[in-house]
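# Close look at the chain arrangement
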Amino acid sequence: MKKVIPTLVLGAMISLNANSAPKDFDYHVDNFADIEVLRYEVPGFDDLSLRQKKMVYYLSQAAHMGRDIIWDQHGKYNLQLRQLLEEIYVNYNGDKTSDEFKAFETYLKQVWFGNGIHHHYSTEKFVPKFSQEFFVAQVNALPQSKLPLCDGQTKQEMLNTLVPVIFDPTVMAKGVNQDSSQDVVATSANNLYEGVTQAEVEAYFANLKDPNDKTPISYGLNTKIVKKDGKIVEESYHLNGLYGDAIAEIIYWLTIAKDVAENDAQRDYITTLIEYYTTGDLRKFDEYSIAWVKDTESEVDFVNGFIESYGDPLGMTGAWESYVNFKNVPASKRTQLIGENAQWFEDRSPVDPRFRKPVVKGVSAKVITAATLAGDAFPATAIGINLPNANWIRAAHGSKSVTIENITEAYAMASKGNGFNEEFVIDDKTRKLLDEYLYITDMLHTDLHECLGHGSGQLLPGVDPDAMKEHGSTLEETRADLYALYYLADPKLIELGILDNPEAYKAEYYKFMMNGLMTQLNRIELGKDVEEAHMRDRQLIAKWILEHGKKGKVVELVKRKGKTYLKINNYEKMRELVGQLLAEVQRIKSEGDYEACCKLVNDYAVKIDQKLHAEILQRYSTLDIPPYRGFVNPQYIPTYDEKGNIIDIKIDYSEGYTDQMLRLSRDYSPLTK
Ligand code: ZN
């Protein structure tokens, strides 16, 4: 439940750190539909030792080998469909400038980006702009040997299945349905459940769970739930189970990586991870997670597994993902300082003292440089992560919190001069404030959210950690954001030397409010509600502050020449409101007050003012800024001596989006071979 996603397309940025990319680095790769694809730089890779470079390389191979898994988790026809679309694309002999072909190409790029037929963010099914006739004609033009038929399937049977999957808007309409008035299991198109109802799944797990277990297993994390002979059965993801062919490849590369591990501890937990992949035993995964969280020494680090559960409407099954990264040592001094002072912050948090954590455990925080993104973290990725997710492990052993600086930097650099600030920020003075301090305060906000926010607070004895049910993620993200906002304005950051100006926090306050009230609406279709947990969190905070700050005119929305702008009149008072809301949100969580949570979410987080929404969409449309962005990975290319030993690994940034996607499908698709 702990990832930070980029908040908005940031405006012009300055004060990038000393690791800034060279000026000629081209961040822009591709543009289609509502997506822009960027590339990110990996500063510092050349300075790693050969052993570390090998580690990055082997772990990157292990990362790519899981790609098919996320495709299949997202929907049972995705892999077959991807193969078919790619065959059509590379074998097409017709007019490549025709509208039909261009629409087909856009659709394929969208499907690549979503790792399946649903949008990565809204989880709505993509709408093809090419005709069914065109598609069927292209399938018929393919030689039989290029058709990705399942065992015993005829071409016609394949078309009968896939045509509605692509063209019928009522078939598999939504990847993840969160509408709690419906059966969210039966109405979600993803492939985590099959032939079962929400009630059956809930009853099944309620029966398994032991409420008195102090170290509860993360039930369902690595399983698909199906019905066999009328009974609920879990099919586990492991070497001899579901996704075994992909997991075998992951294990192969992890085994090689193990030999170049930086220390014994790292070698040991890679061994444990391999045992978990081999058996599917979730106790092994806990064991691995605990050992992994304790390793703060290794510079090269990685995530590889079934991790985040946003893609499951019931929040249990982990989406397969991988991050390969290494520590950004100079920038990590900042997060280290924050982590070392975690108790200081907790003791002064503006919540009821009963809800504070008496001893904040092991907040290990670092800034990392991403080297490879994969699975659910690719092409769209988070800018910060905080793992492991199991609450009892976090409480007993702490968590690892990271800020991914080179990704944040790529976003900022790619946004330079896009006109966003000129359009949405109220005046020159505020724009100057943002130019000067938004990059650092935005990064700090992520640090504080991850290092302190999620790790803060405690539940009263006997309160169920899942008491907020479907609003669990929203409330948790709200809490972490409020904690971060509150301390961003604290003089302690000046005292620690992290910020050099007591006014700096105002840049993030302005952006956060503007985003929560206005600019994030760009990501939502007119007429729809806010759904995604982080977006709900931001709107909840911004609207609550707007309403509670009305009386004293702390914050207001004002009109200038017919356009709406955010005006903050009193930043100090706004911070007080942040503290008040934090106290209430923490109370709700600590006491398990589900009713109050529902009220807060329904009053502030979900509904959108239609007039304002239309205005924002219109203003955005004049800027031509794509609402979503993601990345291609660099390629790591080994050079060998005559004996076949790797003597160096070079990094190559030249690959385009289509080339990369086709290469991954060709070289890393163990489930479609
Ligand atoms: Zn978070």
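Overview of the structure. Predicted model only: the values in this text are computed from it and were never measured.

In this section: the overall build of the protein chain. When helices and strands are counted, the protein chain shows 24 helices and 16 strands. Rg of the C-alpha trace for the protein chain: 24 Å, near the compact-globule value of 26 Å for 673 residues, within the 12% margin. Expressed as lengths along the three principal axes of its C-alpha atoms, the size of the protein chain is roughly 70 × 60 × 60 Å. Expressed as a percentage of its 673 residues, the buried residues of the protein chain come to 60%. Excluding contacts between residues fewer than 6 apart, the proportion of contacts in the protein chain whose partners are at least 24 apart in sequence is 76%. Counting 76 positive and 99 negative side-chain charges, the protein chain places the centres of these two groups 4 Å from one another.

Looking at where lysine 559 falls in the secondary structure, it is placed in strand β12 (residues 555-560). Considered as a pair, lysine 559 and isoleucine 426 are 133 residues apart in the sequence and their alpha carbons are 9.8 Å apart. In contact with lysine 559, not counting residues within four places along its chain, are Thr564 and Glu615.

This part covers the coordination of the zinc ion. The coordination sphere of the zinc ion, as far as protein atoms go, consists of His449 (NE2), His454 (NE2) and Glu477 (OE), spread over 2.0 to 2.1 Å. Between consecutive donors of the zinc ion, the numbers of intervening residues give the motif H-x4-H-x22-E. Of the two residues, histidine 449 and histidine 454, both sit in the buried class.

What follows concerns the packing of aromatic side chains. Evaluated as defined, the whole model comprises 42 aromatic pairs. Judged by centre distance (4.8 Å) and plane angle (70°), the rings of phenylalanine 345 and tyrosine 487 are edge-to-face. On the criterion of sequence distance, the pair formed by phenylalanine 345 in helix α12 (residues 342-347) and tyrosine 487 in helix α17 (residues 472-488) is long-range, its members being 142 residues apart. On the accessibility criterion, phenylalanine 345 (0% relative accessible area) is buried. Overall, the relative accessible area of 1% leaves tyrosine 487 in the buried class. Centroid distance tyrosine 486 to tyrosine 487: 5.1 Å. Interplanar angle 85°. Geometry classified as edge-to-face. Geometry around tryptophan 71 places arginine 82 over its ring, the cationic atom sitting 4.8 Å from the centre. The ring of tyrosine 565 carries arginine 619 above its face, with NZ or CZ at 4.9 Å from the centroid.

The next point concerns unusual backbone geometry. Here the residue pair phenylalanine 378 and proline 379 is connected by a cis peptide bond, since its omega of -5° sits within 30 degrees of zero. Residue position: proline 379 is located in the loop between β9 (363-375) and β10 (384-387). For the bond from leucine 387 to proline 388, the omega torsion is 0°, close enough to zero to count as cis. Secondary-structure assignment places proline 388 in the loop between β10 and α13 (391-397). The phi angle at lysine 469 is positive, at roughly 45°, despite the residue not being glycine. In this structure, lysine 469 sits in the loop between α16 (428-453) and α17. According to the relative accessible area criterion, lysine 469 is exposed, its value standing at 58%. A positive phi angle is found at lysine 561, which is not glycine, with a value near 45°. Tracing the chain through its elements places lysine 561 in the loop between β12 and β13 (563-568).

Here we come to the side chain of glutamine 52. Looking at where glutamine 52 falls in the secondary structure, it is placed in helix α1 (residues 50-64). Residue classification places glutamine 52 among the buried positions, given a relative accessible area of 13%. Contacts of glutamine 52, omitting those with residues within four sequence positions, involve Glu262, Glu299 and Val300.

With that settled, the discussion passes to the nonpolar core. By size, the foremost hydrophobic cluster in this structure holds 205 residues, and its most contacted members are Phe135 and Leu254. Apart from the residues within four sequence positions on either side, leucine 254 is in contact with Leu59, Ala62, Ile270, Leu273, Ile274, Tyr277 and Phe302.

As summarised here, the arrangement of the 3 strands in space is β4-β5-β6, forming an open sheet in which the pairing is mixed. Every other strand in the sheet has two partners, leaving β4 (193-194) and β6 (231-236) as the edge strands with one partner each. Examined bridge by bridge, strand β5 (residues 223-228) and β6 share 6 bridges and lie antiparallel to one another. Directly across from valine 226, in β6, lies its bridge partner valine 233. Contacts from helix α7 (residues 198-208) reach β4, β5 and β6, with the element oriented near 75° to β6.

So, about helix α4 (residues 99-114). Along an α-helix, a turn takes 3.6 residues, which lines up residues three or four apart on a common side. Helix length check: α4, at 16 residues, gives a terminal C-alpha distance of 22 Å against a target of 22 Å (1.5 Å per residue), a fit within 8%. Looking only at α4, the buried set comprises Phe101, Ala103, Phe104, Tyr107, Leu108, Lys109, Gln110, Val111, Trp112, Phe113 and Gly114. Directly beyond the C-terminal end of α4, a positive phi value near 50° is found at asparagine 115.

Rules used in this analysis
Residues numbered from 1 in each chain as written. Predicted model: local features only at pLDDT ≥ 70, side-chain atom pairs only at ≥ 80, totals over all residues. Heavy atoms only, no water. Helix = DSSP H or I, 4+ residues; strand = E, 2+ residues; numbered from the N terminus. Rg over C-alpha atoms; globule rule 2.2 N^0.38 Å. Buried < 20%, exposed > 50% of the residue type's maximum accessible area, 1.4 Å probe, protein only. Contact = heavy atoms within 4.5 Å. Lys, Arg positive; Asp, Glu negative; His and termini not counted. Charge placed at Lys NZ, Arg CZ, Asp CG, Glu CD. Donors = N, O, S within 2.8 Å, 3.2 Å for Na, K, Ca; no water. Phe/Tyr/Trp six-rings, centres within 6.5 Å; stacked < 30°, edge-to-face > 60°. Lys NZ or Arg CZ within 6 Å of the ring centre and 35° of its normal. Core = buried A, V, L, I, M, F, W, Y, C linked by side-chain atoms within 4.5 Å. Pairing = 2+ DSSP bridges. Axes fitted to C-alpha atoms, helices over the stretch in contact; angles between N-to-C directions. Expected span 1.5 Å × (residues − 1).

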